[in-house]
Amino acid sequence: MEKDRKLIIAGNWKMNKTVAESVDLVNGLKRELHGVKEVDVVICPPYTALSEVSKVMIESNLRLGAQNMSEHGPGAHTGEVCASLLKEFSVRYVILGHSERRQFQGENDALISRKARAAHAASLKPIVCVGETLADRESGRTEEVVRTQIEGSLAGLSADQMHDTVIAYEPVWAIGTGKTATTEQAQEVHAFIRKLLASLFDETVARKVRIQYGGSVKPGNARELMSQPDVDGALVGGASLEVRSFSDIIKLSV
Ligand code: 13P
């Protein structure tokens, strides 16, 4: 599958996997994905497993990501984890503004943009998540909602920083529900986001930024989704928790 943007497929393990289970999973992925160079593969375990997973990932083609980070630097922020603490484990990417955090931790676009700027200041690449709810889609507000999230969450980032920013379009109604957006629905919103990036930044940003699709991605639908012209990878939840399904998604996409 030829595209001028390199595919990026990330596994968001969410609040799953003990340290031992994490190490097993990464060892299995290393074996299966050894030699895969056409895709950037990112693994995002829970914080508690980052240290051990980072050791297992040394000298592999896998990259480490975190699922969230604080907007602040080190200091009095009980329960939070900042960029410099993540960097200790060679974390390269950080998921920001996942819909579960928007919904259950009350994260808003302004906070997400501060986190994105803090990530860049520490040379971490943010994966900024956006996506509409079922009610938004059914009332014809998908583009309006996605536009507001993109404008707000990327506010204050420079064009240069955007080159190292990944966007994940995850329709909330497709997350963990088994309902995938159709390839047409995904492509339509991805193309809309790319056009928006051209108007907010410039054509080069629009051409270079990778936009992942997320929401019930499985081996059975990965290839078709990623063959769409503006779909540059996937952010995978449930199917990233097993060696077979996650490595199949990657192998089927190249
Ligand atoms: P599922 O793949 O389980 O639907 O989760 C998607 C997701 O939220 C990834 O961040």
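Residues numbered from 1 in each chain as written. Predicted model: local features only at pLDDT ≥ 70, side-chain atom pairs only at ≥ 80, totals over all residues. Heavy atoms only, no water.

(A) The packing of helix H1 (residues 19-33) against helix H12 (residues 243-253), seen in detail. Following both chains from N to C, one finds H1 and H12 inclined at 35°, their axes separated by 10 Å at the closest point. Seen from above, H1 lies across H12 with right-handed handedness. Packed against H1, whose contacting residues are Leu25, Gly28, Leu29, Glu32 and Leu33, the element H12 presents Val243, Arg244, Phe246, Ser247, Ile250 and Lys251 at the interface. Residue composition of the contact of H1 with H12, by class: six nonpolar, two polar and three charged. (Axes fitted to C-alpha atoms, helices over the stretch in contact; angles between N-to-C directions. Helix = DSSP H or I, 4+ residues; strand = E, 2+ residues; numbered from the N terminus. Left-handed = near helix turned anticlockwise from the far one by under 90°. Contact = heavy atoms within 4.5 Å. Nonpolar A, V, L, I, M, F, W, Y, C, P; charged D, E, K, R; others polar.)

(B) Main features of the pairing of strand S8 (residues 233-236). Every second residue of S8 is oriented toward a common face, with Gly233 and Leu235 on one face and Ala234 and Val236 on the other, all of them buried. Relative to S8, strand S1 (residues 7-12) runs parallel, the two sharing four bridges. Counted as the bridge partner of Ile9 is Ala234 from S8. Alignment of strand S7 (residues 210-214) against S8, held across two bridges, turns out to be parallel. For Tyr213, the partnering residue across the bridge sits in S8 and is Ala234. (Buried < 20%, exposed > 50% of the residue type's maximum accessible area, 1.4 Å probe, protein only. Pairing = 2+ DSSP bridges.)

(C) Expanded view of the sheet that holds strand S4 (residues 91-96). A barrel is described by the order of its strands in space; here eight strands give the closed sequence S1-S2-S3-S4-S5-S6-S7-S8, paired in parallel fashion. Going across the sheet, the axis of each strand differs from the next one's by a mean of 25°, ignoring polarity. For S1 and strand S2 (residues 39-44), the ladder comprises six bridges, and the chain directions are parallel. Pairing of Ile8 across the sheet is with Asp40, part of S2. Across the sheet, H1 lies against S2 and strand S3 (62-66), angled at about 145° from S3, the strand it touches most.

(D) Molecular detail of the pairing of strand S5 (residues 125-130). Within S5, five of the six residues are buried, which leaves it mostly tucked inside the rest of the structure. Two elements, S4 and S5, share four bridges in a ladder whose sense is parallel. Within S5, the position partnered with Leu96 by the bridge is Val128. Summarising the sheet, S5 and strand S6 (residues 166-169) pair through four bridges and their orientation is parallel. Bridged to Val130 within S6 is Tyr169.

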